[in-house]
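Structural description and commentary
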Amino acid sequence: MASQDWLDKDFYRTLGVSKDADDAELKKVYRKLARKYHPDSNPGDAAAEAKFKEISEAYSVLSDTEQRSEYDQIRAMGAGGARFTSGGQGGQGFEDVFGGMFGGGHGGRNTQYTFQQGGGYDDLFNMFGGAPRGPQKGRDVNASTTIDFETAVSGDTVTLQTSTGNVKVKIPAGVSNGQKIRLRGKGEQGPAGTPAGDLLLTVTVRKHPVFERDGQNLKLKLPVTFTEATLGATVEVPTLGGDTVKLKVQPGTPSGRVLRVKGRGVKTSKGTGDLLAEIQVAVPSHLSDEAREALEAFQQVEPQENPRADLLSRARA
């Protein structure tokens, strides 16, 4: 709830943060300032005590989503009603908050701030951290697993050994290398029966000797002979899992051209990808005398085209 003097107070300037500062930045800055100006660290220093009250008031408002929104609106409109009072009826004043927290009187400049055993800065930070927190859950546990390529594509259930014991984990189809999976309630058990933390699993996927991932598509390099690429052919292409499909190579297909096999990629809840086969024209490393003579005869009659003409032209440009 807003104080009647919110119009005159720039809480963002008091904390030294921008108006779009998030909760983490607010808390970090406040803790630093609280340690610096807390009365326990500056006994008898009235200026430090006043500064401590200013930054605490600023943080208590800006760390509360509703109060921060109302504060921003009031500051933007240039008007607003009184909400915080100094111990008056209908609400607890800001001084009353400190008096109740630290054992001081209701309001006034001479309020004394003391901590009982077990208190300290953490009590202060928790008090001004926003709404009351629920039960603290157990700690999160980090784990990692390495799976083969096919398991990553199709999904499976694996058993992991963690610090909390054996845990069965369902690997979703289409998981990618380096992906992190959060398993709720699979971390350490919280104190006194409070909820368990989470298991944060990092997945490493082994490389496949043939296939690569490209989003939901699978890719491979498909070797074809010179005559298959030149004259055209129907060739067998492997798919993940072992079976093969037939793929037609059109006459005059060059190296680097990508042919697509529909629906033979990675299947996920978002859909199914394709298999992309990149043509690689294989050049024979050994020729028989007969093959060499035939190739030399072909050289005499092949089209007189320079395949590097365009490359040279673009290089000069």
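See the structure shown above.
Here is a short report on the structure shown in this document.

Some points on the pattern of salt bridges
Summed over the entire model, instances satisfying the criterion amount to 13 salt bridges. Between Arg 139 and Glu 188 there is a salt bridge, with the nearest N and O atoms lying 3.0 Å from each other. With Arg 139 in the loop between helix 6 (121-127) and strand 1 (141-147) and Glu 188 in the loop between strand 4 (180-183) and strand 5 (199-205), the pair connects residues that are 49 residues apart, well separated along the chain. Looking at Glu 188, the relative accessible area reads 25%, which means it is partly exposed. Across the pair Asp 274 and Arg 260 runs a salt bridge, and its minimum N-O distance is 2.9 Å. In this pair, Asp 274 sits in the loop between strand 12 (271-272) and strand 13 (275-282) while Arg 260 sits in strand 10 (residues 258-261), placing the two residues 14 residues apart along the sequence. When its relative accessible area of 9% is taken as the criterion, Asp 274 is described as buried.

Examining helix 3 (residues 46-62)
When the terminal C-alpha atoms of helix 3 are compared, their 24 Å separation across 17 residues agrees well with the 24 Å that a helix rising 1.5 Å per residue should span. For helix 3, the tally of buried residues reaches twelve of 17 residues, placing the bulk of the element in the interior. Capping the start of helix 3, Asp 45 holds a side-chain oxygen 3.1 Å from the backbone nitrogen of Ala 47, two or three residues further along.

Here we look at the sheet that holds strand 4
Backbone-to-backbone hydrogen bonds pair the strands of a sheet. The strands run either parallel or antiparallel. Pairing within the open sheet is mixed, and its three strands lie in the order 1-5-4. Taken across any chain shown, the strands that pair with only one partner, and hence form the sheet edges, are strand 1 and strand 4. Put simply, the sheet's adjacent strands are angled 25 degrees from each other on average, direction ignored. Pairing analysis gives seven bridges linking strand 1 to strand 5, with the strands arranged parallel. Note on strand 5: the bridge partner recorded for Thr 146 is Thr 204.

Quick notes on the nonpolar core
What tends to happen in soluble globular proteins is that the nonpolar side chains get buried as a cluster. In terms of nonpolar packing, the biggest core is built from 37 residues, with Val 169, Ile 171, Leu 201, Leu 218, Leu 222, Val 237 and Leu 247 touching the most fellow members. Leu 15, Ala 34, Ile 55 and Val 61 belong to the second largest nonpolar core, which has 18 residues in total.

Section: the sheet that holds strand 7 (residues 217-225)
Ordered by their spatial adjacency, four strands build an open sheet running 6-7-13-10, and the pairing between neighbours is mixed. The outermost strands of the open sheet, each flanked by one partner alone, are strand 6 (212-214) and strand 10. Between one strand and the next, the sheet's axes are offset by a mean angle of 40 degrees, whatever the strand orientation. Of the pairings in the sheet, the one linking strand 10 to strand 13 comprises four bridges and is antiparallel in character. Counted as the bridge partner of Arg 260 is Leu 276 from strand 13.

Some thoughts on a negative patch on the surface
The grouping of Asp 20, Asp 22, Asp 23 and Glu 25 at the surface amounts to a negative patch. Looking at the secondary structure, you find Asp 23 in helix 2 (residues 23-37). Exposure remark for Asp 23: the relative accessible area of 51% places this residue in the exposed category.

Considerations on the packing of helix 2 against helix 3
At their nearest, the axes of helix 2 and helix 3 sit 9 Å apart, and the two run at 160 degrees to each other. One finds that helix 2 runs roughly antiparallel with respect to helix 3. Crossing of helix 2 against helix 3: the hand is left-handed. Here helix 2 contributes Leu 26, Lys 27, Tyr 30, Leu 33, Ala 34 and Tyr 37 to the contact with helix 3, which in turn contributes Ala 48, Glu 49, Lys 51, Phe 52, Ile 55, Ser 56, Tyr 59 and Leu 62.

A look at the pairing of strand 3 (residues 165-171)
Bridge count between strand 2 (residues 156-162) and strand 3: seven bridges; the pairing is antiparallel. Paired with Leu 160 across the two strands is Val 167, which belongs to strand 3. Hairpin geometry of strand 2 and strand 3 is characterised by an intervening segment of two residues between the two adjacent antiparallel strands.

Considering the packing of aromatic side chains
Taken as a whole and judged by the stated rule, the model has four aromatic pairs. Ring centres of Tyr 12 and Tyr 71 lie 6.1 Å apart, and the angle between their planes is 45 degrees; this geometry places the pair in the tilted category. In this pair, Tyr 12 sits in helix 1 (residues 11-15) while Tyr 71 sits in helix 4 (residues 65-77), placing the two residues 59 residues apart along the sequence. Overall, Tyr 12 belongs to the buried group, its relative accessible area being 4%. Tyr 71 gets classed as buried once you look at its relative accessible area, which sits at 1%. On the numbers, 6.5 Å between centres and 70 degrees between planes, the contact of Phe 226 with Phe 298 is edge-to-face.

How each quantity is defined
Residues numbered from 1 in each chain as written. Predicted model: local features only at pLDDT ≥ 70, side-chain atom pairs only at ≥ 80, totals over all residues. Heavy atoms only, no water. Salt bridge = Lys/Arg side-chain N within 4 Å of Asp/Glu carboxyl O. Helix = DSSP H or I, 4+ residues; strand = E, 2+ residues; numbered from the N terminus. Buried < 20%, exposed > 50% of the residue type's maximum accessible area, 1.4 Å probe, protein only. Expected span 1.5 Å × (residues − 1). Polar contact = N/O pair within 3.5 Å; in protein donor to acceptor, adjacent residues only side chain to side chain. Pairing = 2+ DSSP bridges. Axes fitted to C-alpha atoms, helices over the stretch in contact; angles between N-to-C directions. Core = buried A, V, L, I, M, F, W, Y, C linked by side-chain atoms within 4.5 Å. Patch = residues over 30% accessible without salt bridge, like charges linked within 9 Å, V, L, I, M, F, W, Y side chains within 5 Å. Areas by Shrake-Rupley, 256 points an atom, 1.4 Å probe, with all protein chains shown as cover. Lys, Arg positive; Asp, Glu negative; His and termini not counted. Charge placed at Lys NZ, Arg CZ, Asp CG, Glu CD. Parallel < 35°, antiparallel > 145°, perpendicular 65-115°, else oblique. Left-handed = near helix turned anticlockwise from the far one by under 90°. Contact = heavy atoms within 4.5 Å. Phe/Tyr/Trp six-rings, centres within 6.5 Å; stacked < 30°, edge-to-face > 60°.

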